Amino acid sequence: SRVMQSGTNMPNAREAFRKFLTKGSLKVKELERTEAVLLMDEVDVFFDDGFYGNAYHPSETMDNSFPLIEKVWKQRGSLSRLSVREILEFKETQDIKEIYPNLSLFPSPSDGTPSFIEDQIKDMLEAVLCFPISGPCRWPDESMSKYKFDQVSKRIGYIDPISGVVEYNTSFGYFTAFTYMQCMENGELTEEDLIEQTTVHQSPGGWFGIGGSAPQVQNKNILGLQPRCGSLSYSEIPRSYSYKFGMSGTLNCLTSTQKEILNEFGFRLQNEIPSTFKKQMLIRYPTEVRDQEKDEFFDRICEVANEKAENGMAVLVILEDEVRVNELKRYIKDQGKMMPDDQVPLELTGRLDKEEREQRIRSSTRHKQITFVTRTYGRGTDFVCHDSRVKKFGGVHLIITFFPHDDSENRQLEGRTCRQDDPGSSQKIIWIDDLKYLGSDEPDFKPAPDEDWDDYLKGKREKDLMSKYKLMIKNKEEHSQKHKLTVEACGMVQNIGGALQMLSGDLDKKWNDIAKKFGEATDLPLDMQKAAEGGPKCVEVCFVMDCTSSMASSIEACQSTVIEIAENIQQHLDVQDRIRMSFIAYRDYTTSPDVYDSPGKVDVCSFTEDVSLLKEFVRIQGASGGSDGPEDICGGLREAVALDWEGDSRHLFLIADAPCHGSMYHSYSDSYPEGDPKGDLPEQQFVHLLDVQKINCMFLKLGTATDKMMQVINQHCRERTGKEVQSIVINEGGAALAKNMQQAVTETVVKHVKTHFR
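Predicted, not measured: the structure shown is a model, and the values here were computed from it.

**Let's talk about helix α11 (residues 354-363)**
Spacing of three or four residues puts side chains on the same side of an α-helix, whose turn is 3.6 residues. For α11, the set of buried residues is Arg357, Arg360, Ile361 and Ser363. What you see down the axis of α11 is that its buried residues fit within an arc of 165°, all on one side. Away from the buried face of α11 by more than 90 degrees, exposed residues Glu355 and Arg362 are located.

**Focus: the packing of helix α3 (residues 66-74) against helix α7 (residues 174-185)**
Their axes nearest at 11 Å, the elements α3 and α7 cross at an angle of 70°. The angle between α3 and α7 falls in the class roughly perpendicular. In this structure, α3 contributes Phe66, Ile69, Glu70, Val72 and Trp73 to the contact, and α7 contributes Tyr174, Phe178, Met181, Gln182, Met184 and Glu185. Residues of the contact of α3 with α7, tallied by class, amount to eight nonpolar, one polar and two charged.

**Let's talk about the environment of Glu15**
Here Glu15 is to be found in helix α2 (residues 13-21). In the structure, Glu15 is positioned 45 residues away from Glu60 in sequence and 8.5 Å away in space, judged by C-alpha atoms. Separated by 2.4 Å, the side chains of Glu15 and Arg18 make a polar contact.

**Observations concerning the side chain of Asp387**
By the element assignment, Asp387 lies in the loop between β14 (370-374) and α12 (388-392). For Asp387, a relative accessible area of 13% puts it in the buried group. Within the structure, the side chain of Asp387 is placed 2.9 Å from the backbone nitrogen of Arg389, a separation counted as a polar contact. Among all residues touching Asp387, those that are not within four sequence positions of it are Thr365, Arg366 and His367.

**Side note on the packing of helix α19 (residues 633-642) against helix α20 (residues 682-692)**
Relative placement of two packed helices is described by the angle separating their axes and the distance separating the axes. It is the contact of α19 with α20, at a shortest axis distance of 10 Å, that shows an interaxial angle of 20°. For the element pair α19 / α20, the angle class is roughly parallel. Where α19 crosses over α20, the two elements pack in a sense that is left-handed. Contact with α19, carried on its side by Cys634, Leu637, Arg638, Ala640 and Val641, involves Pro682, Gln685, Phe686, His688 and Leu689 of α20 and no other residues of that element. Split into classes, the residues belonging to the contact of α19 with α20 amount to seven nonpolar, two polar and one charged.

**Let's talk about the state of the cysteines**
Two cysteines whose sulfur atoms are joined by a covalent bond form what is called a disulfide. A full pass over the atoms with the stated rule returns zero disulfides. Sulfur of Cys137: no disulfide; nearest cysteine sulfur belongs to Cys130 and is 8.3 Å away. No disulfide involves Cys717; its nearest neighbouring cysteine sulfur is the one of Cys697, lying 8.0 Å away.

**Some thoughts on a nonpolar patch on the surface**
A cluster of nonpolar residues, Val37, Leu39, Tyr243 and Phe245, forms a patch on the protein surface that exposes about 450 Å² of accessible area. Listed by contribution, the elements that provide at least two residues to the nonpolar patch are β1 (37-40) and β9 (243-246). On the secondary structure map, Tyr243 appears in strand β9.

**Brief notes about the nonpolar core**
Counting 60 residues, the largest nonpolar core has Phe20, Val72, Leu103, Met124, Phe178 and Leu225 as its most contacted members. Every element with two or more residues in this core is listed here: α2, α3, α4 (84-88), α6 (116-128), β4 (155-159), α7, α14 (453-495) and α15 (504-522). Top element by residues in this core is α7. It accounts for eight residues. Filtering out sequence-adjacent residues up to four positions away, Phe20 remains in contact with Asn102, Leu105, Phe116, Val493, Trp511, Ile514, Ala515 and Phe518.

**Digging into the confidence of the model for the protein**
Across the protein, the average pLDDT comes to 81, with 85% of residues at 70 or higher. Per-element averaging of pLDDT across the protein places helix α16 (residues 528-533) at the bottom with 33 and strand β15 (residues 396-400) at the top with 97. The low-confidence segment residues 199-213 (pLDDT under 50) makes 41 contacts with residues lying over four places distant or belonging to another chain. Contacts of residues 524-534 to residues separated by more than four positions or lying in other chains number 27 contacts, the stretch itself having pLDDT below 50.

Criteria and cut-off values
- Residues numbered from 1 in each chain as written.
- Predicted model: local features only at pLDDT ≥ 70, side-chain atom pairs only at ≥ 80, totals over all residues.
- Heavy atoms only, no water.
- Buried < 20%, exposed > 50% of the residue type's maximum accessible area, 1.4 Å probe, protein only.
- Helix = DSSP H or I, 4+ residues; strand = E, 2+ residues; numbered from the N terminus.
- Arc of directions from axis to C-beta.
- Axes fitted to C-alpha atoms, helices over the stretch in contact; angles between N-to-C directions.
- Parallel < 35°, antiparallel > 145°, perpendicular 65-115°, else oblique.
- Contact = heavy atoms within 4.5 Å.
- Nonpolar A, V, L, I, M, F, W, Y, C, P; charged D, E, K, R; others polar.
- Polar contact = N/O pair within 3.5 Å; in protein donor to acceptor, adjacent residues only side chain to side chain.
- Left-handed = near helix turned anticlockwise from the far one by under 90°.
- Disulfide = S-S within 2.5 Å.
- Patch = residues over 30% accessible without salt bridge, like charges linked within 9 Å, V, L, I, M, F, W, Y side chains within 5 Å.
- Areas by Shrake-Rupley, 256 points an atom, 1.4 Å probe, with all protein chains shown as cover.
- Salt bridge = Lys/Arg side-chain N within 4 Å of Asp/Glu carboxyl O.
- Core = buried A, V, L, I, M, F, W, Y, C linked by side-chain atoms within 4.5 Å.
- pLDDT = per-residue confidence, 0-100.

Below is the structure:
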């Protein structure tokens, strides 16, 4: 993001957007490219969907808008998600509109899209309602709660889940702004502490922040309205540099698509630098795919780890994620497994702070040490071995428990051992159920007699990689379109400088044209194929709701709002054919996994266009059961997966106040601490819904009991799909709950459709 913010050969979207909002102009000279050099430590980042298929979305904290933030904070006890009109009438809002008159413009005035200022107020309300007057904060994402307040700098930072380092440049928008307000309310800082000095380059100067008169220092409050200023594609970064130099340790194992990407970015000359160490040959053992129950898979991992450790080696067991680490730990405890010298294996996960993480990395290569490592440590972590006994008995042994995304990741993983001139070995032990994305649930999933598992899986993976690259390339093209729109919007602000003396009507039209351009540039990527088709032919909305006793008022709210939701969606959208809705009522198992709460099963109303039929189905749902804390979320999601999804705009809303079964998802009493009695994992179910069935999944969150569960689910979804299940906090009861549910569902569906269908 620093590259995108620096102005080096990239448009200064913040400056242009600020000038647009104030009805000012950019008095700039003609665009001049500078000779700049881009240096990359790892060019592999270009192949990551977080870069190649992603974008940076700059935002501008607006001067003189802190009083509105402060008033919304102080009056949060009387506000709801429906308070937009009320806040628009605040004197503080009117003062802002005086300074920034174009905040009142509509990016798309003809389709009901809110104005820039209304959009900001909605975002503010969503955040501030997570901070009750009394009681704990209701964070929509647990990572927001992992903040540190620095008493010296008076700044809030967030713990990076991978590095463990507190990042003070990270922000969660208005959630961070109101966290500052809470710190101020607690007496940890004053308004003066929120003032920082900023350097402003005065006009005339370069559109790209180059040239101009001497800079001026201004005082600015770090809190305020934060409108987004367009979208800048990461894939456009290399194009804006005259020269590019990059390094990679995996250059000779790139796929053809990866090579094409490097060529696209202008990396055409390659030089190989040989190692100065006398490298030893890595010992690779044959890949094992365990077609057994999970316990047998864990047993084999323990068997190999113990054997290698007993022989004097250090062992790194590299697991998919923290969920799998916890599963393996629980298996070892339940089975009474003993490790060499009665040791407790070390853990390297994303929860460690920097000091503890570095200490465990040093300890992991000691004599007979076994360490459980999450996948994220498989790249760039230096497991340096200083123990001569380990080197004597074969070095560090890797047990990789998943199949790498590509040969580049495989090389990086294997690079955690056999470093410099040390010995080392590696093997893969994989549970067959973890290969379902490659087709392991098909009956003929096995290598030919003359083929080993590694080569067979590589062939399967190649097809999967091609589909992922196609999606990355598609996303990159869409983000590039937004990038182009942002550049055009900045150019329109630049060109309006010579037109400020024209008739007000013509000038107003130009400002509206710029508003539309910035609005288009700020939207999420368009689905180009669907855009060409026009509106969706069928919108599908499925509710998966906890209908146990604690949810009685929520069921009543859903009963009263189902028809309104359908009517609102129909009113806001041009749905060419129909709207289909479904309702799934799950409850829980009794103390026996063979006996379900009344009515004895998960109750399902399949997709229907008859909203009155759906409402009657919801009406007869009684709130019953739920003897322990967790409920049968997996049962509800199982039925959702099995629905006859056929629409081209699909939406699932999970509504719950309690987590699923499994102690890894919560800290409550649980009749089934091992997890779902049927063996499903909610994170895998959501991956299927998001990535295979292409469903937009949302969680309407009631209370904080589900926080840990959603963290586990979203960590898994991010790693597997790059997507998340978005949470919307809805805590009011009764009529307010019905209104908030109606608004949340309607806005989500309408926004998704307007973004993906034009």
